[in-house]
Amino acid sequence: MTDVTAAEIRAALGVADDVDPVAAIATMRDENATLQATIAAGPGLPDAAEVAQMRRDLADAQRRYLTLESKRSAEIRAIQTK
């Protein structure tokens, strides 16, 4: 198991080097919640293509979040085994 650097986390999140990874995760969680709420209110949306794009964006955000959570869990396990 390899240690994940902050630069690798930023790369996985697709954020700039000067962005705090924890803040990026919080932002993604907020975006995820907003997208879910928007999708849940689907009938109010004027365009099916927009809903489809939001679903793709949501799925992408969830994948990025899960990847980061997995890496974080691996780091925690590595620290606990030291």
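Refer to the structure printed above.
Predicted model only: the values in this text are computed from it and were never measured. (Residues numbered from 1 in each chain as written. Predicted model: local features only at pLDDT ≥ 70, side-chain atom pairs only at ≥ 80, totals over all residues. Heavy atoms only, no water.)

In terms of regular secondary structure, the chain is built from 3 helices and 0 strands. Of the regular secondary structure in the chain, the N- to C-terminal order runs α-α-α. Over its C-alpha atoms the chain spans a radius of gyration of 16 Å, topping by over 25% the 12 Å that the globule rule assigns to 82 residues. Across the 82 residues that make up the chain, the buried fraction comes to 24%. Long-range pairs, those at least 24 residues apart, make up 51% of the contacts in the chain with a sequence separation of at least 6. Accessible surface, the chain: about 5,600 Å² in total, of which carbon and sulfur atoms supply 56%. For the chain, the distance from the average site of its 10 positive side-chain charges to the average site of its 13 negative ones is 7 Å. (Helix = DSSP H or I, 4+ residues; strand = E, 2+ residues; numbered from the N terminus. Rg over C-alpha atoms; globule rule 2.2 N^0.38 Å. Buried < 20%, exposed > 50% of the residue type's maximum accessible area, 1.4 Å probe, protein only. Contact = heavy atoms within 4.5 Å. Areas by Shrake-Rupley, 256 points an atom, 1.4 Å probe, with all protein chains shown as cover. Lys, Arg positive; Asp, Glu negative; His and termini not counted. Charge placed at Lys NZ, Arg CZ, Asp CG, Glu CD.)

Another aspect to go through is the packing of helix H1 (residues 6-13) against helix H2 (residues 21-40). Put simply, H1 and H2 touch, their axes get as near as 10 Å, and they point 25° apart. When the interaxial angle is binned, H1 and H2 end up roughly parallel. Judged by the sense of rotation from one axis to the other, the crossing of H1 with H2 is left-handed. Only Pro 21, Ala 24, Ile 25 and Met 28 of H2 make contact with H1, whose side of the interface consists of Ile 9, Arg 10 and Leu 13. A class-by-class count of the residues in the contact of H1 with H2 yields 6 nonpolar, no polar and 1 charged. (Axes fitted to C-alpha atoms, helices over the stretch in contact; angles between N-to-C directions. Parallel < 35°, antiparallel > 145°, perpendicular 65-115°, else oblique. Left-handed = near helix turned anticlockwise from the far one by under 90°. Nonpolar A, V, L, I, M, F, W, Y, C, P; charged D, E, K, R; others polar.)

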